[in-house]
Amino acid sequence: AVKEFEGNYARASYVATRLMHIMFHRFHDYVFDEEESGYQKSFLSLREQIYQYPERQWTLEEMSQQVKLGTRSLQKFYKKFFGISCMNEVILSRINRAKLLLVRTTKGISEISQQCGYNNWEHFSRQFKSREGLTPTQYRQEHAAGGKH
């Protein structure tokens, strides 16, 4: 009975040790994912550039080269880090810039669309309306000085 107990104890101890080892490594990978944390600064820099230069013709290839990853990894990690796809971030940065220009300048819609990276003002207007619920002109009227805020 003692030998049977020692055998069972040894197996149980081995299994428990292996499980603890696996759990430790999974926890470590969860908290300290070296691959992700190594790229986080690159992704923050990319995001900053997207907002600083919304007029640029951003492509997945260009962005992936900047962070030194393939396009699929770029998309996966960008979404994981920021909760939005990188191309939706580009659109959001352009719309944000457009809203600023609409309220603070008297520039025409066509000029604003070009300054925000759009080659076609009609496409800009459609995308703006789908995101903001107003056309660029309506947005300007509602948010200009003295208008609704």
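For clarity, every value in this text was computed on a predicted model and none was experimentally measured.

Reading the values: rules and limits
Residues numbered from 1 in each chain as written. Predicted model: local features only at pLDDT ≥ 70, side-chain atom pairs only at ≥ 80, totals over all residues. Heavy atoms only, no water. Phe/Tyr/Trp six-rings, centres within 6.5 Å; stacked < 30°, edge-to-face > 60°. Helix = DSSP H or I, 4+ residues; strand = E, 2+ residues; numbered from the N terminus. Buried < 20%, exposed > 50% of the residue type's maximum accessible area, 1.4 Å probe, protein only. Lys NZ or Arg CZ within 6 Å of the ring centre and 35° of its normal. Axes fitted to C-alpha atoms, helices over the stretch in contact; angles between N-to-C directions. Parallel < 35°, antiparallel > 145°, perpendicular 65-115°, else oblique. Contact = heavy atoms within 4.5 Å. Nonpolar A, V, L, I, M, F, W, Y, C, P; charged D, E, K, R; others polar. Salt bridge = Lys/Arg side-chain N within 4 Å of Asp/Glu carboxyl O. Polar contact = N/O pair within 3.5 Å; in protein donor to acceptor, adjacent residues only side chain to side chain.

Colleague: Which residues make up the packing of aromatic side chains, and what are the values?
Modeller: Aromatic ring pairs: the centre-centre distance and the angle between the two ring planes describe each pair. Taken as a whole and judged by the stated rule, the model has 10 aromatic pairs. For the pair Phe-128 and Tyr-139, a centre-to-centre distance of 5.5 Å together with 80° between the ring planes defines the contact as edge-to-face. Linking Phe-128 in helix 7 (residues 121–132) with Tyr-139 in helix 8 (residues 136–143), this pair joins segments that are 11 residues apart in sequence. Tyr-139 carries the same exposure label as Phe-128, and that label is buried. Linked through ring pairs, Tyr-39, Phe-43, Phe-77, Tyr-78, Phe-81 and Phe-82 together constitute an aromatic cluster. One cation-aromatic arrangement involves Arg-56 over Trp-58; the distance from NZ or CZ to the ring centre is 4.2 Å. Note that Arg-94 overlies the ring of Tyr-118, its terminal NZ or CZ placed 5.5 Å from the centroid.

Colleague: Help me get a handle on unusual backbone geometry, residues and values and all.
Modeller: Although it is not a glycine, Lys-68 adopts a positive phi angle of roughly 60°. When you line up the elements, Lys-68 lands in the loop between helix 3 (60–67) and helix 4 (71–82).

Colleague: Lay out the packing of helix 5 (residues 86–104) against helix 7 in plain terms, naming residues and giving numbers.
Modeller: Close contact between helix 5 and helix 7 brings their axes to 11 Å; oriented N to C, the two are set at 95°. Taken together, the axes of helix 5 and helix 7 lie roughly perpendicular to each other. Mapping the contact onto sequence places Asn-88, Ile-91, Ile-95, Ala-98, Lys-99 and Leu-102 in helix 5 and Phe-124, Gln-127, Phe-128, Arg-131 and Glu-132 in helix 7. Residues belonging to the contact of helix 5 with helix 7 are distributed by class as follows: 6 nonpolar, 2 polar and 3 charged.

Colleague: Could you give an account of the side chain of Glu-89, naming the residues involved and the relevant values?
Modeller: Relative to the assigned elements, Glu-89 resides in helix 5. Apart from residues no more than four positions distant in its own chain, Glu-89 is found in contact with Arg-47, Ile-50, Tyr-51, Tyr-78, Phe-82 and Ile-84.

Colleague: Lay out the pattern of salt bridges with the relevant residues and their values.
Modeller: As enumerated under the stated definition, the model contains 4 salt bridges in all. Among the salt bridges present, the one from Glu-89 reaches Arg-47, with a minimum N-O distance of 2.8 Å. Pair noted here: Glu-89 is in helix 5 and Arg-47 is in helix 2 (residues 34–52), with a separation of 42 residues, a long-range link. Overall, the relative accessible area of 1% leaves Glu-89 in the buried class. For Arg-47, a relative accessible area of 28% puts it in the partly exposed group. Between Arg-97 and Glu-55 there is a salt bridge, with its nearest N and O atoms 3.7 Å apart. With Arg-97 in helix 5 and Glu-55 in the loop between helix 2 and helix 3, the pair connects residues that are 42 residues apart, well separated along the chain. Owing to a relative accessible area of 24%, Arg-97 belongs among the partly exposed residues under this scheme.

Colleague: For the environment of Gln-127, give the residues involved together with the corresponding values.
Modeller: Here Gln-127 lies in helix 7. Expressed as a C-alpha distance, the spacing of Gln-127 and Ile-91, which sit 36 residues apart in the sequence, is 8.5 Å. Leaving out residues up to four positions away in the same chain, Gln-127 has contacts with Ile-91, Ile-95 and Tyr-118. At a separation of 2.4 Å, a polar atom in the side chain of Gln-127 contacts the side chain of Tyr-118.

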